[in-house]
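Now for the letters of each chain:
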Amino acid sequence: MSANPFSLWVYLSQSPLLWLTVTLLVYATTDALSLVTHRHPLANPVLHSIWIIGAFLMLTGTSYTTYFGGAQFVHFLLGPATVALAVPLYENRKVVAAAILPMLAALVVGSVTAVVSVVLLAEAVGLPRAVVLSLAPKSVTAGVAMGISESLHADPSLTAVAVVLTGIMGAIIVTPLMNRIGITDFRARGFAVGIAAHGIGTARAFQVDAVAGVFAGIAMSLNALVTSLLVPLAVTLLVR
Amino acid sequence: MIASLSLILLCQLAGEVIVRGLGLPMPGPVVGLLFLLLLLLARDRFVALARGPLQQDGVENASRGLLAHLSLLFVPAGVGVVQKLDLVAEHGIAVAVVLAISVVVTLLVTVATFLVASRLMSRGRSAP
């Protein structure tokens, strides 16, 4: 046993091991709780992991940089996971080919709506230019959005927060919203949440319905392509 | 497993090289996605390609494993909110409202477009 428990804490709190363990452990717990509540929208594992880990960092006075030293191993996988989206796209190529026209129409209209609505609303409420630029790519998956934000000389870390917040909101709201307006086509429901709320929405769609999940995954990968071309254009046209 | 992960990383690496090399305005992993998709389609056409991770569902299983816990991967970036607490205090409510409205509008517009286009298509088909 260490003579001084404080020196053990000082050692551990600087090591990647502790923060990687905390990230996985908290997520595993919140995911198990989400399962217990039969995947209730408000029991979203990402939402609850973030505030629990955030509160823990603040209570222990740990900087985000130190935390990220451990969590970066998880964060790094966002890139390979984007590449991996090729597989659901490939496996469902027949379903995709059959619904190609509605998907392309919804893709174009949806991507444009996602970018234009956030830029116009953010300008209307008078947010500073740097914030508006950082919010613009919020509907695509984090790795891609941060890349777009970087190329616009915006703030990628703010973009990451906006992306995650958007994903959580989309995942929470999609099921009650679609049930309320009576949409029963799970291809359309899945596709919409993939466009609006990327990976977190896709994870939610897979919980609700397998077909919805597949269409959400497709929407998310196609949206990554379209939005990376669209955001620089929209920003030039819309941001003063 | 290792070969499959290597193939995924290789696609991403090739994507990064092309994007940086040609100065394309899109992220490397998206080009990597296209490479992997083309590779899988090419494998079905040319038997010679079906080896290593491109056989027996190798790269498919590795990808499914990565995508099974997709939402976990967003946690480290989301915790970054602790760095932005001054911004949250200043603009937090405005940002949250803007994002929430934009999400709802995007969901409704996308789902409506999909359904309308799908209905127009089936009507076009059944019409003589």
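Scoring rules and cut-offs
- Residue positions are counted from 1 within each chain, in the order its sequence is given.
- Key to labels: chains lettered from A, ligands numbered from 1, both in the order written.
- Given that this is a predicted model, residues contribute local features only at a pLDDT of at least 70 and side-chain atom pairs are listed and counted only at 80 or more, while totals for whole chains, interfaces and linings are drawn from all residues.
- In this description a helix means any DSSP run of H or I spanning at least four residues, a strand means any run of E spanning at least two, and both kinds are numbered starting from the N terminus.
- The contact criterion used is a C-beta to C-beta distance within 7 Å, with each C-beta placed from the backbone.
- Only the stretch in contact is used when a helix axis is fitted, and all axes are lines through C-alpha atoms; the angle between N-to-C directions ranges over 0 to 180 degrees.
- Helix crossings are classified by the rotation of the near helix relative to the far one: an anticlockwise turn of less than a right angle makes the crossing left-handed, while a clockwise turn makes it right-handed.
- As a working rule, the residues Ala, Val, Leu, Ile, Met, Phe, Trp, Tyr, Cys and Pro are called nonpolar, Asp, Glu, Lys and Arg charged, and the rest polar, with Gly in that last group.
- Think of a nonpolar core as buried Ala, Val, Leu, Ile, Met, Phe, Trp, Tyr and Cys residues chained together by C-beta atoms that fall within 7 Å.
- Whether a residue is buried, exposed or partly exposed is read from the other C-beta atoms within 10 Å of its own C-beta, which are placed from the backbone; 20 or more gives buried, 12 or fewer gives exposed, and intermediate counts give partly exposed.
- Here the word oblique covers every angle except those under 35 degrees (roughly parallel), over 145 (roughly antiparallel) and from 65 to 115 (roughly perpendicular).
- Given a helix with a known number of residues, its expected span is that number minus one, times 1.5 Å.
- Each direction from the helix axis to a C-beta atom contributes to the arc, which is the arc of those directions.

J.: Summarise the overall build of chain B; cite the residues concerned and give the values.
T.: Counting its secondary structure elements, chain B contains 5 helices and 0 strands. The order of α-helices and β-strands along chain B, N terminus first, is α-α-α-α-α. Over its C-alpha atoms, taken along the principal directions, chain B stretches across nearly 60 × 55 × 35 Å. Pairs at least 24 residues apart make up 41% of the contacts formed inside chain B by residues separated by at least 6 positions.

J.: Please set out the packing of helix α8 (residues 100–124) of chain A against helix α12 (residues 186–208) of chain A residue by residue, giving values where relevant.
T.: Residues and elements named next belong to chain A. Viewed as axis vectors pointing N to C, α8 and α12 meet at an angle of 30°, and their least axial separation amounts to 9 Å. Of the two elements, α8 crosses α12, and the hand of that crossing is right-handed. Between α8 and α12, the residues in contact are Met-103, Ala-106, Leu-107, Gly-110, Ser-111 and Ala-114 and Phe-191, Ala-192, Ile-195 and Ala-196, respectively. Considering only residue class, the contact of α8 with α12 consists of 8 nonpolar, 2 polar and no charged.

J.: Can you explain the interface of chain A and chain B? Please cite residues and give values.
T.: Taken together, the 90 residues of chain A in the interface contact 57 residues of chain B. For the side of chain A that touches chain B, the element with the most residues is helix α11 (residues 156–180) of chain A, which contributes 15 residues. Per-class residue counts for the side of chain A that touches chain B are 65 nonpolar, 22 polar and 3 charged.

J.: Which residues make up the nonpolar core, and what values do they have?
T.: Of all hydrophobic cores here, the largest spans 112 residues; its most connected members are Ala-86, Val-118, Val-164 and Phe-191 of chain A. Among the elements that line this core, the one with the most residues is α11 of chain A, at 14 residues. Beyond its immediate stretch of four places on either side in the chain, Val-118 of chain A contacts Leu-135, Ala-136 and Lys-138 of chain A together with Val-98, Leu-99 and Ser-102 of chain B.

J.: Please provide a residue-by-residue account of the packing of α12 of chain A against helix α13 (residues 210–238) of chain A, values included.
T.: Two numbers describe how α12 of chain A lies on α13 of chain A: the axes approach to 6 Å, and their chain directions differ by 80°. Taken together, the axes of α12 of chain A and α13 of chain A are roughly perpendicular relative to one another.

J.: An account of helix α2 (residues 16–36) of chain A is requested, with residue identities and associated values reported.
T.: Residue and element names in this part refer to chain A. Given a rise of 1.5 Å per residue, 21 residues ought to cover 30 Å, and the 30 Å separating the end C-alpha atoms of α2 matches this to within 8%. Turning to α2, its buried residues are Trp-19, Val-22, Thr-23, Val-26, Tyr-27, Thr-30, Asp-31 and Ser-34. What you see down the axis of α2 is that its buried residues fit within an arc of 150°, all on one side. Across from the buried face of α2, at angles greater than 90 degrees, the exposed residues are Leu-17, Leu-25, Ala-32, Leu-35 and Val-36.

Nothing here speaks to function; it is all geometry.
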